[in-house]
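Geometric and topological summary
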Amino acid sequence: MNHLFRLSAGLLRSGTSGLYRRGPVPEGHVSLVVARLFSSEPENSELGQLIKKDKVVVFIKGTPAQPMCGFSNAVVQILRMHGVDDYASYNVLEDQDLRQGVKNFSNWPTIPQVYFNGEFVGGCDILLQMHQNGDLVEELKKLGIHSALLDANKDEQKK
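Predicted model, so just to flag it, every value in this text is computed and none were measured. (Residues numbered from 1 in each chain as written. Predicted model: local features only at pLDDT ≥ 70, side-chain atom pairs only at ≥ 80, totals over all residues. Heavy atoms only, no water.)

**Describing the confidence of the model for the protein**
Here the protein shows a mean pLDDT of 78. Residues at 70 or above account for 69%. Long-range and interchain partners of residues 1–42, a stretch whose pLDDT sits below 50, account for 32 contacts in this model, where long-range means more than four residues apart. (pLDDT = per-residue confidence, 0-100. Contact = heavy atoms within 4.5 Å.)

See the structure below:
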């Protein structure tokens, strides 16, 4: 990661147009890569607005009704178990700029990504861990969302 920061700082200091050459390249080929290491201000602003628009925001592959990968499905199922139905979902498969932009914005390399009150929570693994250790119930409570699992636990205790 430090390599990316050094590279971007070097590009900014040198005043290059954002293109750099990676080597080695096969003879007769030129490899130019756009150095989009940092999102432009408008993209950051747009993503910032998206993640703050709702209490819970997820960037997934597919839709909640039809997730297109197992990790996205797991995030949807965890939220569903907690009774979280009112959340914003963005399908990154429909927009490659959004897919890469959200990765850059959060500095997290994978999808799905989950945000609570405009703050990055993590991906599937983090949400699953929070679900398993009970932290997710507490975080939802901070958002003013009552976890359905609390009601399920009360029902089981009555039996």
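**Comments concerning the sheet that holds strand β5 (residues 113–116)**
Spatial ordering of the open sheet is given by β4-β3-β5-β6, a layout of four strands whose pairing is mixed. Each of the sheet's edge strands pairs with one partner strand only, and the pair in question is β4 (88–91) and β6 (119–122). This sheet shows a mean twist of 25° between the axes of neighbouring strands, independent of strand direction. Where strand β3 (residues 56–60) lies against β4, four bridges are found, and the strand directions are parallel. The residue bridging V57 from the neighbouring strand is A88, located in β4. Taken strand by strand, helix α4 (residues 96–106) contacts β3, β4, β5 and β6, and its axis lies near 60° from that of β5. (Pairing = 2+ DSSP bridges. Helix = DSSP H or I, 4+ residues; strand = E, 2+ residues; numbered from the N terminus. Axes fitted to C-alpha atoms, helices over the stretch in contact; angles between N-to-C directions.)

**Things to note about the pairing of β3**
Of all five residues that make up β3, five are buried, and the element is covered over most of its length. Here β3 shows no split at all, with V56, V58 and I60 on one side and V57 and F59 on the other all buried. When β3 meets β5, the two strands line up antiparallel, connected through four bridges. Looking at β5, one finds that V58 is bridged to V114. (Buried < 20%, exposed > 50% of the residue type's maximum accessible area, 1.4 Å probe, protein only.)

**Remarks on the environment of N133**
Its location among the elements puts N133 in helix α5 (residues 124–133). Assessed through its relative accessible area of 44%, N133 is described here as partly exposed. There is a polar contact of 2.9 Å between the side chain of N133 and the backbone nitrogen of D135. (Polar contact = N/O pair within 3.5 Å; in protein donor to acceptor, adjacent residues only side chain to side chain.)

**Notes on the pattern of salt bridges**
Inspection of the entire model under this criterion finds one salt bridge. K142 is paired through a salt bridge with E139; the nearest N and O atoms lie 3.0 Å apart. Highlighted residues: K142 and E139, both in helix α6 (residues 135–142), separated by three residues, approximately one helical turn. K142 gets classed as exposed once you look at its relative accessible area, which sits at 63%. (Salt bridge = Lys/Arg side-chain N within 4 Å of Asp/Glu carboxyl O.)

**Some thoughts on α6**
An α-helix turns once per 3.6 residues; consequently, residues spaced three or four apart project the same way. All buried positions along α6 are accounted for by L136, V137 and L140. With its buried residues spanning 105° around the axis, α6 presents them on a single face. Of the exposed residues in α6, those oriented more than 90 degrees away from the buried face are K141 and K142. At the C-terminal side of α6, G144 shows a positive phi close to 85°. (Arc of directions from axis to C-beta.)

**Overview of helix α3 (residues 70–81)**
In a regular helix each residue adds 1.5 Å, so 12 residues correspond to 16 Å; α3 covers 16 Å between its end C-alpha atoms and thus fits that length. Looking only at α3, the buried set comprises S72, V75, V76, I78 and L79. One face of α3 carries all of its buried residues, which in axial projection span an arc of 160°. Tucked inside the fold, the buried residues of α3 contact β3, β5, α5 and α6. Remark: G83 follows α3 within two positions and exhibits a positive phi of approximately 80°. (Expected span 1.5 Å × (residues − 1).)

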